[in-house]
Amino acid sequence: MSLTPIDWRPEPKTLAQFSEISLFFLGMVAAPLASLRGQPTLAATFWVAAVACRIVGAWRPTALKPVYLGLTLATWPIGWVVSHLALAVVYYGVITPIALVFRLLGRDPLTRRFDRDATTYWEPYDPDRGTDQYLRQF
């Protein structure tokens, strides 16, 4: 499961935005790159596709639904892998080392240690903290 579900029924507004993004990407990124690499035919194809996609998106955005869904399905596995890798890197690269350092130092910020002599684990509550503590809760 990815972090973002696939939108099987995109709104016309979403499809119009997709046509604007494709105009920018095809016309301003892909076409100049193809032109700089010495492929003028491919650059012209990208420009024509960009303008055609934008015209269709402005006139009748629902006609772009197959293209939108095709690209969504093609890129969904990439998003799934990247999102899970990012979460794994954060968990195993940041949270786990911090937890190991806390354990080695003996720090227990949640006071989860078991105390056999304690009759209760309730902590006293001080209701007279004053109104200046409202903005400094901790």
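This write-up is about the structure you can find in this document.

Definitions and limits used
Residues numbered from 1 in each chain as written. Predicted model: local features only at pLDDT ≥ 70, side-chain atom pairs only at ≥ 80, totals over all residues. Heavy atoms only, no water. 1 Å grid on protein atoms, 1.4 Å probe; cavity = no way out; pocket = protein on both sides within 12 Å on 5 of 7 lines; lining within 4 Å. Points joined across faces, edges and corners; volume = space filled by probe spheres on them. Nonpolar A, V, L, I, M, F, W, Y, C, P; charged D, E, K, R; others polar. Axes fitted to C-alpha atoms, helices over the stretch in contact; angles between N-to-C directions. Helix = DSSP H or I, 4+ residues; strand = E, 2+ residues; numbered from the N terminus. Parallel < 35°, antiparallel > 145°, perpendicular 65-115°, else oblique. Contact = heavy atoms within 4.5 Å. Salt bridge = Lys/Arg side-chain N within 4 Å of Asp/Glu carboxyl O. Buried < 20%, exposed > 50% of the residue type's maximum accessible area, 1.4 Å probe, protein only. Core = buried A, V, L, I, M, F, W, Y, C linked by side-chain atoms within 4.5 Å. Phe/Tyr/Trp six-rings, centres within 6.5 Å; stacked < 30°, edge-to-face > 60°. Polar contact = N/O pair within 3.5 Å; in protein donor to acceptor, adjacent residues only side chain to side chain. Expected span 1.5 Å × (residues − 1). Bend = angle between axes of the 7 residues up to and from the residue.

**Brief notes about the layout of surface pockets**
Estimates place the volume of the largest pocket at around 280 Å³. What lines the largest pocket is simply A99, F102, R103, G106, R107, D108, P109, L110, R112 and R113. Classifying every residue of the lining of the largest pocket by side-chain character gives four nonpolar, one polar and five charged.

**Digging into the packing of helix α1 (residues 12-36) against helix α3 (residues 65-105)**
Packed helix pairs are specified by the crossing angle of their axes together with the interaxial distance, meaning the distance between the axes. Running from N to C, α1 and α3 cross one another at 75°; their axes reach a closest spacing of 10 Å. On the basis of the axis angle, α1 is roughly perpendicular to α3. Touching T14, L15 and F18 of α1 are K65, V67, Y68 and L71, all from α3. Tallied by class, the residues present in the contact of α1 with α3 amount to five nonpolar, one polar and one charged.

**Examining the pattern of salt bridges**
Within the structure shown, the criterion is met by two salt bridges. R54 is paired through a salt bridge with E20; the nearest N and O atoms lie 3.4 Å apart. One end of the pair, R54, is in helix α2 (residues 40-59); the other, E20, is in helix α1, with 34 residues separating them in the sequence. Note that D108 is salt-bridged to R112, the shortest N-O span being 3.6 Å. Using a relative accessible area of 62% as the deciding quantity, one classes R112 as exposed.

**Observations concerning the nonpolar core**
Counting six residues, the largest nonpolar core consists of L15, F18, C53, L64, Y68 and L69. Secondary-structure elements contributing two or more residues to this core are α1 and α3. Leave out the neighbours within four places in its chain, and L15 touches P10, P61, T62, L64, K65 and Y68.

**Brief notes about the packing of aromatic side chains**
By the definition in use, this model includes two aromatic pairs. Seen in terms of ring centroids, F18 and Y68 are 5.4 Å apart; in terms of plane orientation they differ by 80°. Their pairing is edge-to-face. Of this pair, F18 sits in helix α1 while Y68 is found in helix α3, placing the two residues 50 residues apart along the sequence. The exposure class assigned to F18 is buried, which follows from its relative accessible area of 15%. Here Y91 and Y92 contribute two aromatic rings whose centre-to-centre distance is 4.9 Å and whose plane-to-plane angle is 85°, an arrangement assigned as edge-to-face.

**Thoughts on the side chain of S22**
With respect to the helices, strands and loops of the structure, S22 is situated in helix α1. A distance of 2.8 Å separates the side chain of S22 from the backbone oxygen of S19, its partner in a polar contact. Excluding residues that lie within four positions of it along the chain, S22 makes contacts with G27, A50 and C53.

**Some thoughts on α1**
The end-to-end C-alpha separation of α1 is 35 Å, in line with the 36 Å expected for 25 residues at 1.5 Å each. Largest kink in α1: about 30°, centred on A30, with the proline P32 one to four residues after it. Considered for burial, the residues of α1 that qualify are L15, A16, F18, S19, S22, L26, G27, A30, A31 and A34. Taken together, the buried residues of α1 touch α2 and α3. With its phi angle positive at about 80°, G38 sits one or two positions after the end of α1.

Honestly, it's all geometry; don't read function into it.
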